[in-house]
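This is what each chain is made of:
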Amino acid sequence: MWRWVRQQLGFDPPHQSDTRTIYIANRFPQYGHYTPQKFIDNRIISSKYTVWNFVPKNLFEQFRRVANFYFLIIFLVQLMIDTPTSPVTSGLPLFFVITVTAIKQGYEDWLRHISDNEVNGAPVYVVRSGGLVTTRSKNIRVGDIVRVAKNEIFPADLVLLSSDRLDGSCHVTTASLDGETNLKTHVAVPETAVLQTVANLDTLIAVVECQQPEADLYRFMGRMTITQQMEEIVRPLGPESLLLRGARLKNTKEIFGVAVYTGMETKMALNYKSKSQKRSAVEKSMNTFLIIYLIILISEAIISTILKYTWQAEEKWDEPWYNQKTEHQRNSSKILKFISDFLAFLVLYNFIIPISLYVTVELQKFLGSFFIGWDLDLYHEESDEKAQVNTSDLNEELGQVEYVFTDKTGTLTENEMQFRECSINGTKYQEINGRLVSEGPTPDSSEGNLSYLTSLSHLNNLSHLATSSSFRTSPENGTELIKEHDLFFKAVSLCHTVQISSVQTDSIGDGPWQSSFAPAQLEYYASSPDEKALVEAAARFGIVFVGNSGEIMEVKTLGKLERYKLLHILEFDPDRRRMSVIVQAPSGEKLLFVKGAESSILPECIGGEIEKTRIHVDEFALKGLRTLCMAYRQFTSKEYEEINRRLFEARTALQQREEKLAGVFQFIEKDLILLGATAVEDKLQDKVRETIEALRMAGIKVWVLTGDKHETAVSVSLSCGHFHRTMNILELLNQKSDSECAEKLGQLARRIREDHVIQHGLVVDGTSLSLALREHEKLFMDVCRNCSAVMCCRMAPLQKAKVIRLIKISPEKPITLAIGDGANDVSMIQEAHVGIGIMGKEGRQAARNSDYAIARFKFLSKLLFVHGHFYYIRIATLVQYFFYKNVCFITPQFLYQFYCLFSQQTLYDSVYLTLYNICFTSLPILIYSLLEQHIDPHVLQNKPTLYRDISKNRQLSMKTFLYWTILGFSHAFIFFFGSYFLIGKDTSLLGNGQMFGNWTFGTLVFTVMVITVTAKMALETHFWTWINHLVTWGSILFYFVFSLFYGGILWPFLSSQNMYFVFIQLLSSGSAWFAIILMVVTCLFLDIVKKVFDRQFHPTNIEKAQMYSNTVAFSDEFIALQPLSRARNQLSKLSLLKQIQVSSAWTPCAASQKEKQRVHLLEECWSE
């Protein structure tokens, strides 16, 4: 308990050593000096608060906000000096805002606590005291031996000790860590691999020495010292021995592992990126407006203070007979008195700063975010995924996007690979209905008819081949053809890391394998979707990978089982961009099979149809297919011995292991014979083209950032509409130096200036991008901004984030959105203003780290054009309405000081001051900000051009802000002077002849104000529901009912009740009712006239869509962009046009005459 307290308070000292020593099963040495290292427990903590620190930490964070801190100061001033209003008037709204925000943040953190407790409380099996015991995940200690079963998630970072397999191997998937759905193979050291039972593990005496925790998922260095029969055996440990927390055990019954990193020191926890606080453009505008209003407030306070002392310069006003000063007041410091008066005026006018604006915005964002999850149009039925909102602070930012940066694989495409074509020894084949179809004649064939390779199982004897009409070749040529195809598909079937579910291989017989039933019999677990597609394709053509047992890989060739001994795997890495296997064939030959990108394979080849294959690879890429090249090499016994020795030395090295392995791999993978190339298709997601076109119509620039080669990326861009055929494609590729890159950028800039009429698209690769960003950042960004579409290929994750960063800090400061589906997209998702994760096949890392998560790319249009549009309009109106109604509220208070000798007398009762923003005017604007739909959603989605009208924060421009502010001042003047001149001098408005008093006058002004600002909200509302009616008219009714009860009863808990019977007397005057109606109508009349005038003579596109929403959704787009009179004329013509089309369909003989009339009508429409 004490240790836990010290950890919570941060008193536990950090690790002193660069390495940690872990005694397996916590068997510490009994003799000699030993100082145990301290390790943290296995708790995962993603929550922000605890029960102990919630109040102080939350209060500290909230008072970092300028508005909250300002009101705290005002509240303290009211407590310390004599002010005209009660401290309750500032304290109660501040308490309300702080409480509501704390409840919201506390609720969100409570959900995180629930999630943490679910993870930390998960049951696990641990080996203790010679038996297997069940405990909770949080109780795992460093050194514990943990048992994990198939399909379970590893609860800590474990070093693999043994599995149910004799070789100590197991397979895991790390989709939740790095987004890869592949199976990764991990192996135990031989000495522990044989300990497959709890009893055997209980006899293990071993020590693990490894590095201290670090975030790199793919790096782990350590060693295990095993004591056997008084002899110590040292084995190196690498990434292949480490099972990461969050990964899942697959295709293995169970494993045992020792915990080396626990809790927040696991690699998964160290990769938690604390998201930088993203602030929306609306929030920045709010802060700007707040500063302006603070200046207005301070100016009013200074003016009032100066005028007070100017007025009091005359003795009769400084100390009138009815208000004599005390001796203390006469002798007090004038400077202190001036400061005190200034602070008093500051308190009197402080309600011009709308503190309740922040809590209303918080509520609007929090409650409004539920509408995205509830939208059935954003629900994907196949995957049963609905849209998710991970942060509600950026809802309105969805309506301000100017740049969209998207990943390609899994985002624009399905990430479902299907084998389409291949090139074998210079001949190109295409798969059609399970057959390989040769394009053109086969080698040595005299005829140009299509040749069919139905499957190799159909070619199992030369007599069949000789008589087959498919090949028309001699037996010798047929033998060579079989050998080429056989070797190519054997390379495909052997060079991979594919695993097969062990329960599904029993039914594979020894007879000829038929493709029609194989998929049901074999279930492949692939290292990537490409590998799975290739192995399945090889199986369809007769070379079936059956599985592996230990070091033996089993392949059925034409139904005949062949066993290959797997000698070495040369793992894929991004620097080599290829992988290899060394196998021993049944005949004893040592063969190397290599698979990789053509840029990494072809330069190493010395034989085979290299040029033909290169041409075929480029053709495949132009079709948008993903390509891989296959090659092989045969070793002599002497060559293999040398290779085996070098590999062993490199793999057992404790220093510079990675560099030594890279050198050995390069030594092995050379002098290759090219076999051919494969091409698989990653098909586009549904409605990707339509979505990208809609984004372009909305004025949004779309950039595609991908790791694919540029030919493939460009082809997919063309097919999805990102690039189009009429676009001039500019290329910045394969730049070798800074000077070369600068010269090329200059050429591109000149071409853009010369051909400014044509749309341009830019393609840039990762290496060229690195050079461009190093020295020529400004020139590169100028070229990019002048291009309609940009494609960045061969991109590293950090390069993606760097590009987005450059756009964000450019002079225009555009709003950016990044969308991706894999862990490699997380950096750009977090960098962009708005990050959207696709819940695809590459895990959930992107979705978890995003602001919003959707199932398909096509949902982006609804998210931006409908939800983004609504959120922005709602919150823009909310912000400006709040400032407007507070100007209306406090300006009469300022004007009243001119009539009370700046005595700081308040115009309103303190209860009205407190409840104005909390109760009387809060609900109508809140409901508006949640439910308002100023245009039909179908119109918004069908007319993306309407999105342009709200871009660049137009609704919160300084011009619009000044309009609302001036409107507030004008209404306030009408409230005050209308009431003042109506009462006049010596005018009785009460039935008993009494005059209106101070509180009656203030109540009259307040009543007119509440009705007017509520009615103003009603004028702004276009989408009325029963809830709107309830809160709008209910707020006015509530004010009247509350005032009647408040002023009609002597409340015993109130020390003074200035408002007793005031409101009842006010309502008893017919003149007062007339004044209220007259002033409300006067205020709103001018606003209504302006709206009608603007809509009739200067309508915006949005206003046209509002008036013609039912028609615009089904008419041609240009109608929405015309003046109203012309739009009506065109609609009538289009209606006639539809009638002509219908009549033409029923009377074909009159079609030509009708067609002329149709063309004439269309010409008239477009000419207008």
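Reading guide: rules and limits
- Residues numbered from 1 in each chain as written.
- Predicted model: local features only at pLDDT ≥ 70, side-chain atom pairs only at ≥ 80, totals over all residues.
- Heavy atoms only, no water.
- Helix = DSSP H or I, 4+ residues; strand = E, 2+ residues; numbered from the N terminus.
- Buried < 20%, exposed > 50% of the residue type's maximum accessible area, 1.4 Å probe, protein only.
- Contact = heavy atoms within 4.5 Å.
- Areas by Shrake-Rupley, 256 points an atom, 1.4 Å probe, with all protein chains shown as cover.
- Polar contact = N/O pair within 3.5 Å; in protein donor to acceptor, adjacent residues only side chain to side chain.
- Axes fitted to C-alpha atoms, helices over the stretch in contact; angles between N-to-C directions.
- Left-handed = near helix turned anticlockwise from the far one by under 90°.
- Nonpolar A, V, L, I, M, F, W, Y, C, P; charged D, E, K, R; others polar.
- Salt bridge = Lys/Arg side-chain N within 4 Å of Asp/Glu carboxyl O.
- Pairing = 2+ DSSP bridges.
- Disulfide = S-S within 2.5 Å.
- Phe/Tyr/Trp six-rings, centres within 6.5 Å; stacked < 30°, edge-to-face > 60°.
- Core = buried A, V, L, I, M, F, W, Y, C linked by side-chain atoms within 4.5 Å.
- Expected span 1.5 Å × (residues − 1).
- Bend = angle between axes of the 7 residues up to and from the residue.
- pLDDT = per-residue confidence, 0-100.

If you check an unreviewed UniProt entry, the chain appears there as ATPase phospholipid transporting 11B (putative) from Ovis aries.

**A short note on the overall build of the chain**
Per the secondary structure count, the chain includes 43 helices and 36 strands. A total of 1168 residues make up the chain; the buried ones form 52% of that total. In the chain, the proportion of contacts linking residues at least 24 apart, taken out of those at least 6 apart, comes to 72%. If you sum the accessible surface of the chain, you get close to 53000 Å²; carbon and sulfur atoms cover 57% of it.

**Quick word on the side chain of Ser-162**
Along the chain, Ser-162 turns up in strand β5 (residues 157-163). For Ser-162, the side chain forms a polar contact with the main-chain oxygen of Leu-195, separated by 2.7 Å. Residue contacts for Ser-162: discarding those within four places in its chain leaves Ala-188, Thr-192, Ala-193, Leu-195, Gln-196, Ile-255 and Phe-256.

**Comments concerning the packing of helix α31 (residues 859-896) against helix α35 (residues 958-983)**
Where α31 contacts α35, the two axes come as close as 8 Å, and the packing angle between them is 35 degrees. Handedness of the α31/α35 crossing: right-handed. Residue composition of the contact of α31 with α35, grouped by class: 16 nonpolar, six polar and no charged.

**Considering the side chain of Thr-1003**
Following the sequence through the fold, Thr-1003 ends up in helix α36 (residues 998-1020). Apart from residues no more than four positions distant in its own chain, Thr-1003 is found in contact with Tyr-912, Tyr-1039, Met-1059, Val-1062, Phe-1063 and Leu-1066.

**Notes on the environment of Ala-149**
Assignment of secondary structure puts Ala-149 in strand β4 (residues 145-149). Accessibility expressed as a relative area gives 16% for Ala-149, which makes it buried. With residues up to four places along the chain from it excluded, the contact list for Ala-149 reads Leu-249, Lys-253 and Glu-254.

**Quick notes on the pattern of salt bridges**
Taken as a whole and judged by the stated rule, the model has 40 salt bridges. Of the charged contacts in the structure, one is a salt bridge between Lys-808 and Glu-831, with a shortest N-O distance of 3.2 Å. Of this pair, Lys-808 sits in helix α28 (residues 797-808) while Glu-831 sits in helix α29 (residues 826-831), and the two are 23 residues apart along the sequence. Lys-808 sits in the buried class, given a relative accessible area of 16%.

**Some thoughts on unusual backbone geometry**
The phi angle at Lys-687 is positive, at roughly 60 degrees, despite the residue not being glycine. Locating Lys-687 in the fold gives a position in the loop between β29 (672-684) and α23 (688-697). Lys-687 gets classed as partly exposed once you look at its relative accessible area, which sits at 47%. Phi is positive for Lys-813, close to 50 degrees, though the residue is something other than glycine.

**A few points about the pairing of strand β6 (residues 169-173)**
The buried fraction of β6 is high, at five of five residues. Looking at chain direction, β6 and strand β7 (residues 183-187) are connected through five bridges and run antiparallel. Bridge assignment links Cys-170 to a residue of β7, and that residue is His-186. Bridge count between β6 and strand β12 (residues 248-250): three bridges; the pairing is antiparallel. Considered in β12, the bridge of Val-172 is made with Leu-249.

**Description of the sheet that holds strand β3 (residues 131-136)**
With respect to topology, six strands assemble into an open sheet ordered β3-β2-β4-β13-β5-β11, the strand pairing being antiparallel. Single-partner strands in this sheet number two, and they are β3 and β11 (242-243). Here strand β2 (residues 123-128) runs beside β3; their pairing, made up of six bridges, is antiparallel. Bridge assignment links Val-126 to a residue of β3, and that residue is Val-133.

**Here's the deal with the state of the cysteines**
The tally for this structure, following the rule as stated, stands at zero disulfides. The thiol sulfur of Cys-784 is not disulfide-bonded, and the nearest other cysteine sulfur, from Cys-787, lies at 6.4 Å. You can call Cys-784 buried: its relative accessible area is 0%.

**Section: the packing of aromatic side chains**
In total, this model carries 58 aromatic pairs according to the counting rule given. Taking 5.6 Å as the distance between ring centres and 85 degrees as the angle between the ring planes, the aromatic pair formed by Phe-371 and Trp-374 counts as edge-to-face. Placement of the pair is Phe-371 and Trp-374 together in helix α14 (residues 370-374), with a separation of three residues, close to one helical turn. Accessibility expressed as a relative area gives 27% for Phe-371, which makes it partly exposed. Ring geometry for Phe-865 against Tyr-947: centres 5.5 Å apart, planes inclined by 65 degrees, an arrangement best described as edge-to-face. In this pair, Phe-865 is assigned in helix α31 and Tyr-947 in the loop between α34 (937-942) and α35, connecting sequence segments 82 residues apart.

**Observations regarding the nonpolar core**
Formed by 149 residues in total, the largest nonpolar core has its most connected members in Leu-864, Val-879 and Phe-1006. Sorting elements by how many residues they give to this core places α31 first, with 25 residues. Excluding its chain neighbours within four sequence positions, the residues that come into contact with Leu-864 are Leu-398, Val-401, Leu-695, Ile-700, Leu-817, His-869 and Tyr-947. Counting 42 residues, the second largest nonpolar core, distinct from the first, contains Leu-436, Leu-494, Ala-533 and Val-581.

**A few points about the sheet that holds strand β9 (residues 222-228)**
Strands sit in the order β1-β8-β9-β10 across an open sheet of four strands; the sheet is antiparallel. Because the sheet does not close on itself, it has two edges, and the strands there are β1 (19-23) and β10 (231-237). Neighbour-to-neighbour, the strand axes of this sheet turn through a mean angle of 20 degrees, independent of strand direction.

**Some remarks on helix α37 (residues 1026-1048)**
Across its 23 residues, α37 extends 31 Å between first and last C-alpha, which sits within 8% of the 33 Å expected from 1.5 Å per residue. At Gly-1034, α37 is deflected by roughly 30 degrees, the largest bend along its length. Those residues of α37 that sit buried are Asn-1028, Val-1031, Thr-1032, Ser-1035, Ile-1036, Tyr-1039, Phe-1040, Ser-1043, Tyr-1046 and Gly-1047. Buried positions along α37 lie against α32 (910-920), α33 (922-931), α36, α38 (1062-1067) and α39 (1070-1097).

**With respect to the confidence of the model for the chain**
When the pLDDT values of the chain are averaged, the result is 79; 81% of them are 70 or greater. Between residues 7-15, whose pLDDT stays under 50, and residues either more than four places distant or in other chains, the model counts 14 contacts. Below a pLDDT of 50 lies the segment residues 1161-1168, which in the model reaches 15 contacts outside its immediate sequence neighbourhood of four places, other chains included.

**Things to note about the environment of Arg-20**
Relative to the elements of secondary structure, Arg-20 occurs in strand β1. Residue class for Arg-20 comes out buried when judged on its relative accessible area of 0%. Taking the C-alpha atoms as reference points, Arg-20 and Gln-211, 191 residues apart in sequence, are found 6.1 Å from one another.

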